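Breakdown of the fold
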Amino acid sequence: MSVNGIGTAGYPVTGYETKRTGNNAADKSFAGCMGNVKGTGNTGFTLHISNEEDGQSIGAMADHDSSVTVYKTKDFDPANPVYKVKIWDAAGNVTERMVDISKVDPKNCDKIDMFAYSSHLSATGECPDAQGAFIGAKSNYNSSNGSSSLFDKENWQNIVKDIMQMQYRAGNLEGYLHYKRFWDFLDK
């Protein structure tokens, strides 16, 4: 599916490409692959999608200087959801973290924990829009406050509420409802 097919009618998708890396070119599968998507000009990012050794990917996000992937490990226990999260910096250095969903506080957590939490909510169906709403809120928050570190703790409940209200003030009812479903879940 092309990016042009995701509600962006009229926007050209030139200048973007997906490349296979050496670790998966032989078997031509995407298991264990790293998609390298480059934008036009000097912007670009690497999105690490899946890796069989780490488990099943339930979420991946990237921007110009980092990539985060959430994995459901092989010994995953739905009664005690703990996910393996890998974080790549711009130089390709990787950091790993285990995120216990029961310990994530949306009022005081970093982007990594919040992304794992929202990925969990979407993957389990508890709040299907959670992952997309978090990524949208993160993107809007970064652009209005400067790109902060993945490790800075924030009140994501307030951030989502602010983005939801911004959509309402702009008359974007669809956007408002998208964020409201997630905010309602966080406000329980």
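To start, this report covers the structure provided alongside it.

Reading the values: rules and limits
- Residues numbered from 1 in each chain as written.
- Predicted model: local features only at pLDDT ≥ 70, side-chain atom pairs only at ≥ 80, totals over all residues.
- Heavy atoms only, no water.
- Pairing = 2+ DSSP bridges.
- Helix = DSSP H or I, 4+ residues; strand = E, 2+ residues; numbered from the N terminus.
- Expected span 1.5 Å × (residues − 1).
- Buried < 20%, exposed > 50% of the residue type's maximum accessible area, 1.4 Å probe, protein only.
- Contact = heavy atoms within 4.5 Å.
- Arc of directions from axis to C-beta.
- Polar contact = N/O pair within 3.5 Å; in protein donor to acceptor, adjacent residues only side chain to side chain.
- Axes fitted to C-alpha atoms, helices over the stretch in contact; angles between N-to-C directions.
- Parallel < 35°, antiparallel > 145°, perpendicular 65-115°, else oblique.
- Nonpolar A, V, L, I, M, F, W, Y, C, P; charged D, E, K, R; others polar.

Description of the pairing of strand S4 (residues 56-63)
Relative to strand S5 (residues 66-72), S4 runs antiparallel, the two being bridged by seven bridges. Within S5, the position partnered with Ala-60 by the bridge is Thr-69.

A closer look at helix H2 (residues 130-145)
With 16 residues, H2 should reach 22 Å at 1.5 Å per residue; the first-to-last C-alpha distance of 22 Å fits that figure. All of the buried residues along H2 are Ala-130, Gln-131, Ala-133, Phe-134, Gly-136, Ala-137, Lys-138, Tyr-141 and Asn-142. The inward-facing, buried residues of H2 abut S4, helix H1 (111-124), helix H3 (156-169) and helix H4 (173-186).

What to know about H3
Over its 14 residues, H3 extends 20 Å from the first C-alpha to the last, a length consistent with the 20 Å expected when each residue adds 1.5 Å. Along H3, the positions that sit buried rather than exposed are Trp-156, Gln-157, Ile-159, Val-160, Ile-163, Met-164 and Gln-167. Taken around the axis of H3, the buried residues stretch over an arc of 165 degrees, which confines them to a single face. Projecting away from the buried face of H3 at angles above 90 degrees are the exposed residues Asp-162, Tyr-168 and Arg-169.

Here we look at the side chain of Asp-54
Its place among the elements puts Asp-54 in the loop between strand S3 (44-48) and S4. For Asp-54, a relative accessible area of 7% corresponds to the buried category. Side-chain polar atoms of Asp-54 contact the side chain of Lys-84, separated by 2.6 Å. Within the structure, the side chain of Asp-54 is placed 2.9 Å from the side chain of Lys-86, a separation counted as a polar contact. If we ignore the near neighbours within four places in the chain, the residues touching Asp-54 are Tyr-71, Lys-72, Thr-73, Lys-84 and Lys-86.

A few points about the packing of H2 against H3
Packed helices, taken two at a time, are described by the angle their axes make and the gap between the axes. Here H2 crosses H3 at 85 degrees, and the two axes come no closer than 10 Å. One way to sum up the angle between H2 and H3 is to call them roughly perpendicular. Contact with H2, carried on its side by Phe-134, Ala-137, Lys-138, Asn-140 and Tyr-141, involves Trp-156, Ile-159, Val-160, Ile-163 and Met-166 of H3 and no other residues of that element. The residue makeup of the contact of H2 with H3, split by class, is eight nonpolar, one polar and one charged.

Keep in mind that these numbers describe shape and distance, not what the molecule does.
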